[in-house]
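A closer look at the structure
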Amino acid sequence: MKSSFDLSFLDRTLRTTAIVFLIMLPFGIYYFGVFPTLAAYSGGIWGMINLIFISALVRSAIRPDGADKNRAIVLSLIKFPLLYSSGYFLLTVEKFSAIHLLIGFSATMVVLVLKAAGRLMLHLDEKEVEQGKLGKVH
């Protein structure tokens, strides 16, 4: 199996998700209303911050020269209690529907899957291996 999944893939996914949300914001307000759009937008921002913390935590915990334990602990103490309690409080806002928040929470994952499927369908990884940009992953 050939793969070009590197850390820049996550950065590109976050950028794409942000652009999608910025483009969809005015259309969502017009077609769905302010609070459903704001709920999906808030959930999307939460999902993006969650992915940032997950990638930072993995980068600090899994390193060739050993884990940076202090940074991993600090990131864990920030991510788990603060981020998940803020997600809970988003769910308790009476004006926000849970389904709209769920759409926002999962939007980053949808963009990630679509970008990976696009790379697979367009054979971009195979072209990069042929050009010598990537090594083979078994």
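Residues numbered from 1 in each chain as written. Predicted model: local features only at pLDDT ≥ 70, side-chain atom pairs only at ≥ 80, totals over all residues. Heavy atoms only, no water.

Next up on the list: the overall build of the protein chain. A count of helices and strands for the protein chain gives five helices and zero strands. Going from the N terminus to the C terminus, the protein chain shows its helices and strands as α-α-α-α-α. Partitioning the intrachain contacts of the protein chain with sequence separation of at least 6 by distance along the chain shows that 68% fall at a separation of at least 24. Within the structure as shown, the protein chain displays about 9,400 Å² of accessible surface, and the carbon and sulfur contribution to it stands at 71%. (Helix = DSSP H or I, 4+ residues; strand = E, 2+ residues; numbered from the N terminus. Contact = heavy atoms within 4.5 Å. Areas by Shrake-Rupley, 256 points an atom, 1.4 Å probe, with all protein chains shown as cover.)

Another aspect to go through is helix α3 (residues 69-92). With 24 residues, α3 should reach 34 Å at 1.5 Å per residue; the first-to-last C-alpha distance of 34 Å fits that figure. Those residues of α3 lying buried are Ala72, Leu75, Lys79, Leu83, Gly87 and Leu90. In this structure, the buried residues of α3 make contact with α2 (34-61) and α4 (98-121). (Expected span 1.5 Å × (residues − 1). Buried < 20%, exposed > 50% of the residue type's maximum accessible area, 1.4 Å probe, protein only.)

Taken as a whole, this structure holds three salt bridges when the rule is applied. Asp11 is paired through a salt bridge with Arg59; the nearest N and O atoms lie 3.9 Å apart. Note that Asp11 is positioned in helix α1 (residues 7-32) and Arg59 in helix α2, a separation of 48 residues in sequence. Looking at Asp11, the relative accessible area reads 37%, which means it is partly exposed. Since its relative accessible area comes to 31%, Arg59 is described here as partly exposed. Asp65 is the partner of Arg63 in a salt bridge, and the nearest nitrogen-oxygen pair spans 3.2 Å. Taking relative accessible area as the criterion, Arg63 reaches 35% and is therefore assigned partly exposed. Judged by relative accessible area, which is 60%, Asp65 ranks as exposed. (Salt bridge = Lys/Arg side-chain N within 4 Å of Asp/Glu carboxyl O.)

Take it as geometry only, folks, not as evidence of what the structure does.
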